[in-house]
Amino acid sequence: MSLPKTLAEDVARNLVMVARLLDEDPEQAYAYARIALRLASRVAAVREAAGFAAYATQRYAEALAEFRASRRMTGSVELWPVMADCERGLGRPERAMAMAGEPEVQKLDKAGQVEMRLVAAGARRDMGQIDAAIVTLQSSELASSAVHPWTPRLRYAYADALLAAGREDEAREWFGKALEADKDGSTDASDRLAELDGVEFVDALGDDDEAAEVTAPVVAEADDDLDDFDDQDDDEDDEDGPVKA
């Protein structure tokens, strides 16, 4: 609303494309974010979108700078967990851990606090502290039977940490719980369970089928040529039999 109408529409269109492409084509989303940033760098939503696009393409230093700029503009703490995760991406897990103990965490909503817990556990693992990561994830949210949007990821992270600690039976149990809560397929818990159970997936599309798929269009294009050949050489066809594709 702080921009002239035409400029606001141009910026909005680019932000829409960032949102649409962020998961499927993060590099393209990043390109749209850069355009929006050039047009309206003083708009907090633009800085936040640019941050997420940079984060999705593993440009962590750039993402952190954009998130910090957005936070300065809005005063909001909601980006605190992803800022801490950028520190992890930059190879500074100790800074992520320090952020997990800052007062800002207490101002986060429940989802934000769970996200911060996930980041802190990841930082512990980055530092080789697997047991500490497991303890970090143990919480009332993990023990709850209620399912929230963050439940599958929390259970999955706990299962993965258990597996890293060599506690395979417990890991299998928690991968199962993650899968049970994961209605949208946000994790690969089913694949991890299959790996633990020794199930090997085989591509149902064999080499012959792939070859058939590749050559099918060529055969289809050749049909007209075969028809012309048949019309021009009926006598020869009668003597030698039909031409076989």
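Residues numbered from 1 in each chain as written. Predicted model: local features only at pLDDT ≥ 70, side-chain atom pairs only at ≥ 80, totals over all residues. Heavy atoms only, no water.

1. Looking at the side chain of Asp-182
So, point 1. Its location among the elements puts Asp-182 in the loop between helix H11 (168-181) and helix H12 (189-196).
So, point 2. Lacking a salt bridge, the buried Asp-182 has Lys-183 as its closest oppositely charged neighbour, with an N-O distance of 8.9 Å.
So, point 3. Here the side chain of Asp-182 touches Thr-187 through a polar contact of 2.7 Å, side chain to side chain. (Helix = DSSP H or I, 4+ residues; strand = E, 2+ residues; numbered from the N terminus. Buried < 20%, exposed > 50% of the residue type's maximum accessible area, 1.4 Å probe, protein only. Lys, Arg positive; Asp, Glu negative; His and termini not counted. Salt bridge = Lys/Arg side-chain N within 4 Å of Asp/Glu carboxyl O. Polar contact = N/O pair within 3.5 Å; in protein donor to acceptor, adjacent residues only side chain to side chain.)

2. Remarks on the packing of helix H7 (residues 110-126) against helix H8 (residues 130-137)
The angle between the axes and the distance between the axes are what describe a pair of packed helices.
So, point 1. Where H7 meets H8, the axes come as close as 7 Å, and the angle between the chain directions of the two elements is 170°. Relative to H8, the element H7 is oriented roughly antiparallel. The residues of H8 that touch H7, namely those facing Arg-117, Leu-118, Ala-120, Ala-121, Arg-124 and Arg-125, are Ile-130, Ala-132, Ala-133, Thr-136 and Leu-137.
So, point 2. Across the contact of H7 with H8, the residue classes tally to 7 nonpolar, 1 polar and 3 charged. (Axes fitted to C-alpha atoms, helices over the stretch in contact; angles between N-to-C directions. Parallel < 35°, antiparallel > 145°, perpendicular 65-115°, else oblique. Contact = heavy atoms within 4.5 Å. Nonpolar A, V, L, I, M, F, W, Y, C, P; charged D, E, K, R; others polar.)

3. Structural notes on the packing of aromatic side chains
Here the distance between the centres and the angle between the planes together describe a pair of aromatic rings.
So, point 1. Taken as a whole, this structure holds 4 aromatic pairs when the rule is applied.
So, point 2. Between the aromatic rings of Phe-52 and Phe-67, the centroid separation amounts to 5.0 Å while the plane-to-plane angle is 70°, which identifies the pairing as edge-to-face. Note that Phe-52 is positioned in helix H3 (residues 44-56) and Phe-67 in helix H4 (residues 60-74), a separation of 15 residues in sequence.
So, point 3. Between the aromatic rings of Tyr-156 and Phe-175, the centroid separation amounts to 5.3 Å while the plane-to-plane angle is 65°, which identifies the pairing as edge-to-face. Of the two residues, Tyr-156 is situated in helix H10 (residues 151-164) and Phe-175 in helix H11; the sequence distance between them amounts to 19 residues.
So, point 4. Residue classification places Phe-175 among the buried residues on the basis of a relative accessible area of 0%.
So, point 5. Between the NZ or CZ atom of Arg-59 and the centre of the ring of Tyr-30, over which it lies, the distance is 3.9 Å.
So, point 6. Above the plane of the ring of Trp-174 lies Lys-177, whose end atom (NZ or CZ) is 4.0 Å from the centre. (Phe/Tyr/Trp six-rings, centres within 6.5 Å; stacked < 30°, edge-to-face > 60°. Lys NZ or Arg CZ within 6 Å of the ring centre and 35° of its normal.)

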